[in-house]
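For reference, the chains in residue letters:
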Amino acid sequence: MDKYIIRRGCKEDMPGVWNLIYELAVFEKEPDAVEVTVEDLERDGFSENPKFEVFVAEISDEIVGIALFYYRYSTWKGPTIHLEDLVVKEAKRGLGIGKSLYNEVMRFAFDKKVRRVEWDVLDWNTNAIDFYEKTGATMLRDWNAVKMYEKALDAYIKKIDG
């Protein structure tokens with residue numbers, strides 16, 4: 001059986017983190033949507049004011065899972081954490097790695113006394129939905145995700161600036 005460890009990610013892990021981000025994009029049928037680079041991850045996660053935190057799962061010096069998250073602030077709840085991605089390499093699924101990464105994020109949130117952890121899950125990812133519901137997470141099925149992508153943002157700013 002593959003033995004894995006869960007630990008805080010470091011700058012040197014970012015190539016492996018990027019590989020898993022790309023693998024997730026392929027799984028979600030959007031491989032061309034990944035614009036972030038390894039250099040972006042290194043800068044944004046390990047500068048003076050990091051924009052995210054990450055836990056990694058490692059087997060024999062290979063990054064096989066990640067949980068990448070960051071702080072948010074809710075006007076109703078106060079401090080929260082957004083779990084951006086929880087990914088396990090396809091060949092290593094079923095070993096408990098995803099659950100261990102999830103548990104690590106929840107423990108982190110508990111220790112930091114945040115009032116909510118939130119994340120998105122695709123409606124067709126029934127395995128993930130079932131897992132999350134079994135842990136006590138609430139699915140908000142009556143909310144729509146809203147995003148303004150860079151191209152639309154540029155067009156909107158040009159419009160309002162006249």
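Placed above this text is the structure.
As the structure is a computational prediction, the values presented were derived from the model and not from experiment.

What counts, and where the lines are drawn
Residues numbered from 1 in each chain as written. Predicted model: local features only at pLDDT ≥ 70, side-chain atom pairs only at ≥ 80, totals over all residues. Heavy atoms only, no water. Helix = DSSP H or I, 4+ residues; strand = E, 2+ residues; numbered from the N terminus. Buried < 20%, exposed > 50% of the residue type's maximum accessible area, 1.4 Å probe, protein only. Contact = heavy atoms within 4.5 Å. Areas by Shrake-Rupley, 256 points an atom, 1.4 Å probe, with all protein chains shown as cover. Lys, Arg positive; Asp, Glu negative; His and termini not counted. Charge placed at Lys NZ, Arg CZ, Asp CG, Glu CD. Pairing = 2+ DSSP bridges.

Chemist: Mind showing me how you'd approach the overall build of the protein chain here?
Modeler: Within the protein chain, the regular secondary structure consists of five helices and five strands. In terms of overall dimensions, the protein chain has a C-alpha envelope of 60 × 35 × 35 Å along the principal axes. Buried residues in the protein chain amount to 33% of all 162 residues. Long-range contacts, defined here as pairs at least 24 residues apart, represent 57% of the contacts in the protein chain between residues at least 6 apart. With an accessible surface of roughly 11,500 Å², the protein chain has 50% of that area assigned to carbon and sulfur atoms. Across the protein chain, 24 positive and 31 negative side-chain charges occur, with their mean positions spaced 6 Å apart.

Chemist: Got a minute to help me understand unusual backbone geometry in this structure?
Modeler: The general pattern is negative phi for most residues beyond glycine and trans for most peptide bonds. The residue Ser 60 is not glycine, and still its phi comes out positive at about 50°. Within the element layout of this structure, Ser 60 appears in the loop between strand S2 (53-59) and strand S3 (62-74). According to the relative accessible area criterion, Ser 60 is exposed, its value standing at 69%. With a phi angle near 65°, Asp 61 is a residue other than glycine that sits in the positive phi range. Within the secondary structure, Asp 61 is located in the loop between S2 and S3. On the basis of relative accessibility, which here comes to 72%, the residue Asp 61 falls in the exposed class.

Chemist: What exactly am I supposed to notice about the side chain of Lys 92 here?
Modeler: By the element assignment, Lys 92 lies in the loop between strand S4 (78-88) and helix H3 (97-111). If we skip the residues at most four places from it in the chain, Lys 92 touches Asp 2, Ile 59, Val 64 and Ile 97.

Chemist: How do you make sense of the pairing of S4 when you look at a structure like this?
Modeler: Consecutive side chains of a regular strand alternate in pointing toward one face of the sheet and then the other. Taking burial as the measure, the eleven residues of S4 include eight buried ones, the bulk of the element. Sheet topology places S3 next to S4; ten bridges connect them, and they run antiparallel. Paired with Phe 69 across the strands is Leu 83, a residue of S4. In this antiparallel pair of consecutive strands, S3 and S4, the connection spans three residues. When S4 meets strand S5 (residues 116-118), the two strands line up parallel, connected through three bridges. Its bridge partner lying in S5, Ile 81 is registered against Val 117.

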